[in-house]
Amino acid sequence: MELGDKELLQLFRQAETREKAFTQLIEKYQQKLYWHIRRMVIEHEDANDVLQNVFIKVWKALDNFREDSQLYTWLYRIATNESLTLLDQKKKRKSVSYDDVETGLSNKIIADKHFDANKIEWKLQLAIQQLPEKQKLVFNLRYYDEMPYEEMSRVLDTSEGALKASYHHAVKKIEEYLKNH
Amino acid sequence: MKSLNEIDIELQQLSPAVASLPRKIPFRQPENYFFELPSVILEKIPYEIPVKTEIPFEVPDSYFAGFPQQVMTAIRNAEADDELPTVLQSISREMPYSVPEGYFSQDRFKAPPAEVSKPVLMRPVHSFRRYAVAASVTALLAVSAWLVFPKTGASSDPALSYQEAKSLNIGAALSVVDEGVLEAYVKETPKNFAVAFLQTDEQLNVEETVAEVNTGDLDDFLIESPL
């Protein structure tokens with residue numbers, strides 16, 4: 001039976017159940033966080049690196065986690081920041097602009113061994129890569145993770161109004177892309 | 001999570017085309033990835049001995065229960081210490097001294113009008129003054145050198161010069177003096193040695209003689225020989 005976040009936190013704070021609780025926490029959130037990261041960084045190797053870093057950071061900071069916010073929101077926030085950090089590092093390493101990184105991400109999608117240009121789900125991924133960074137994040141969280149704006153505003157530190165606007169723009173741009181491609 | 005309907009309705013209103021798309025992520029992860037991930041992460045987490053956060057010190061029983069009263073008592077005692085003795089409390093704090101009328105009026109403390117400073121013209125130093133100063137310094141140095149260094153002309157030294165010794169025919173006079181006595185005299189008074197040495201009819205060519213002497217030896221001689 002899957003434990004609730006509060007129970008997991010209580011178990012984590014006791015030395016004898018610490019590792020067991022953390023294993024359960026990973027099992028509970030690994031897939032959601034993995035796909036959230038993977039949609040941003042595209043390649044599995046990058047997603048794996050980021051996800052491991054996220055959980056290592058969580059292990060170190062979980063003792064100080066304040067229960068006035070949701071664990072789920074906090075994890076998404078860390079995962080988002082780590083993903084953006086990785087993309088920034090790649091951008092700096094190659095001395096390229098964000099547009100070039102986006103092009104690089106589109107190329108990675110096309111280079112995927114399972115890529116099929118005729119399948120709509122792959123086209124949708126290419127359409128998402130055309131979006132600016134913030135709109136991409138908002139669209140993914142809303143469309144795939146079905147995250148309410150209220151929670152999203154805590155993850156991204158942005159007002160609900162701004163998130164709604166971003167989502168609307170993103171949907172329109174995707175629609176436009178799919179019409180033309 | 002909010003109900004799917006709300007999100008679906010929103011998307012349907014925004015773009016029916018996008019709403020009709022399957023929400024399938026086409027990417028794939030390696031087989032057994034999620035099964036192995038927890039143990040992979042736990043291996044990477046450094047093992048840390050949990051730090052005991054308890055403090056080993058102890059406080060007396062019910063210390064904190066009576067603490068506010070203790071603090072208030074201490075504050076009251078401190079205030080009582082600050083109070084003046086009864087004798088001083090009865091005396092007025094008004095100063096008994098007086099000042100001349102209008103002493104503190106504003107006019108008295110008016111700042112004097114600021115003096116307009118006159119510009120001072122800087123005269124250029126004429127070049128002939130520099131030459132005059134240089135000449136004065138040179139002259140001063142020359143006079144100092146003349147006073148300090150030995151004179152090569154007429155000497156006040158009691159030793160006789162070569163011409164004087166020749167005119168007096170000292171050579172003939174000294175021929176009767178015992179050699180031992182002469183040697184002792186020369187040793188005792190080295191200055192006179194030069195006179196004794198120059199008992200000759202030949203004119204000494206000083207320039208040629210000095211030229212033959214090594215410069216180092218000459219320097220040594222000048223240092224060793226008192227003038």
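Residues numbered from 1 in each chain as written. Chains lettered and ligands numbered in written order. Predicted model: local features only at pLDDT ≥ 70, side-chain atom pairs only at ≥ 80, totals over all residues.

Enquirer: I tried to follow the overall build of chain A on my own but got confused; where do I start?
Expert: The helix and strand tally for chain A stands at nine helices and zero strands. Along its sequence from the N terminus, chain A presents helices and strands in the succession α-α-α-α-α-α-α-α-α. Among the 181 residues that make up chain A, the fraction classed as buried is 29%. (Helix = DSSP H or I, 4+ residues; strand = E, 2+ residues; numbered from the N terminus. Buried ≥ 20, exposed ≤ 12 C-beta atoms within 10 Å, placed from the backbone.)

Enquirer: I keep staring at the overall build of chain B and nothing clicks. Help me out?
Expert: The helix and strand tally for chain B stands at 12 helices and zero strands. The linear arrangement of helices and strands in chain B, starting from the amino end, is α-α-α-α-α-α-α-α-α-α-α-α.

Enquirer: Hey, could you run me through the environment of Asp49 of chain A in this one?
Expert: With respect to the helices and strands, Asp49 of chain A occurs in helix H3 (residues 44-61). Separated by 34 residues in the primary sequence, Asp49 of chain A and Ser83 of chain A have C-alpha atoms spaced 9.6 Å apart.

Enquirer: How should I be thinking about the packing of helix H1 (residues 5-12) of chain A against helix H2 (residues 18-41) of chain A in this particular structure?
Expert: In helix packing, the relevant descriptors are the interaxial angle and the interaxial distance, both defined with respect to the helix axes. Residues and elements named next belong to chain A. The contact between H1 and H2 brings their axes to 7 Å, and the two run at 150°. Considering the angle they form, H1 stands roughly antiparallel to H2. In the crossing of H1 with H2, the sense of the turn from one axis to the other is left-handed. Across the interface between the two elements, Leu8, Leu11 and Phe12 from H1 touch Arg18, Lys20, Ala21, Phe22, Gln24 and Leu25 from H2. Considering only residue class, the contact of H1 with H2 consists of six nonpolar, one polar and two charged. (Axes fitted to C-alpha atoms, helices over the stretch in contact; angles between N-to-C directions. Parallel < 35°, antiparallel > 145°, perpendicular 65-115°, else oblique. Left-handed = near helix turned anticlockwise from the far one by under 90°. Contact = placed C-beta atoms within 7 Å. Nonpolar A, V, L, I, M, F, W, Y, C, P; charged D, E, K, R; others polar.)

Enquirer: Would you take a moment to explain the interface of chain B and chain A for this structure?
Expert: The accessible area lost on association of the parts is a frequent measure of interface size. Listed by partner, the interface residues are 28 residues for chain B and 35 residues for chain A. For the side of chain B that touches chain A, the secondary structure elements donating two or more residues are helix H1 (4-14), helix H2 (16-19) and helix H3 (33-44) of chain B. The element that contributes the greatest number of residues to the side of chain B that touches chain A is H3 of chain B, accounting for seven residues. Classifying every residue of the side of chain B that touches chain A gives 21 nonpolar, two polar and five charged.

Enquirer: For this particular structure, what's the right way to read the packing of helix H8 (residues 149-156) of chain A against helix H9 (residues 160-180) of chain A?
Expert: All names here are of chain A. Between H8 and H9, the least distance of the axes is 9 Å, while the angle of their chain directions is 100°. What the angle tells us is that H8 and H9 run roughly perpendicular. Mapping the contact onto sequence places Tyr149, Glu150, Met152 and Ser153 in H8 and Glu160, Leu163 and Lys164 in H9. Residues that form the contact of H8 with H9 fall into these classes: three nonpolar, one polar and three charged.

Enquirer: Could you clarify how one ought to interpret unusual backbone geometry in this entry?
Expert: Negative phi is the rule for most residues except glycine; trans is the rule for most peptide bonds. Residues and elements named next belong to chain A. Positive phi values are uncommon outside glycine, yet Ile42 reaches one of about 70°. Along the chain, Ile42 turns up in the loop between H2 and H3. The phi dihedral of Glu146 is positive, around 50°, even though this residue is not glycine. Secondary-structure assignment places Glu146 in the loop between helix H7 (133-143) and H8.

Enquirer: Any chance you could explain the nonpolar core here in plain terms?
Expert: One recurring pattern in soluble globular proteins: nonpolar side chains tend to sit buried together. All names here are of chain A. Counting 45 residues, the largest nonpolar core has Leu33, Ile37, Leu51 and Val138 as the members making the most contacts within it. Examining the composition of this core, we find that nine residues originate from one element, H2, more than from any other. Not counting residues within four places of it along the chain, the set of residues in contact with Leu51 comprises Leu33, Tyr34 and Ile37. (Core = buried A, V, L, I, M, F, W, Y, C linked by C-beta atoms within 7 Å.)

Enquirer: Looking at this structure, how should I read the confidence of the model for chain B?
Expert: The predicted coordinates ought not to be read in detail in places where the model reports low pLDDT. Residue and element names in this part refer to chain B. Per-residue pLDDT for chain B averages 72, and the proportion of residues at 70 or more is 60%. Looking across chain B, the model is least confident in helix H10 (residues 193-197), with a mean pLDDT of 52, and most confident in H2, with 90. Across the interfaces of the predicted complex, the ipTM metric reaches 0.77, alongside a pTM of 0.54. (pLDDT = per-residue confidence, 0-100.)

Enquirer: Just checking my understanding: could you explain H7 of chain A for this structure?
Expert: Count 3.6 residues to each turn of an α-helix, and residues three or four apart come out pointing the same way. Burial runs high along H7 of chain A: eight of the 11 residues are buried. Along H7 of chain A, the positions that sit buried rather than exposed are Gln135, Leu137, Val138, Phe139, Asn140, Leu141, Arg142 and Tyr143 of chain A.

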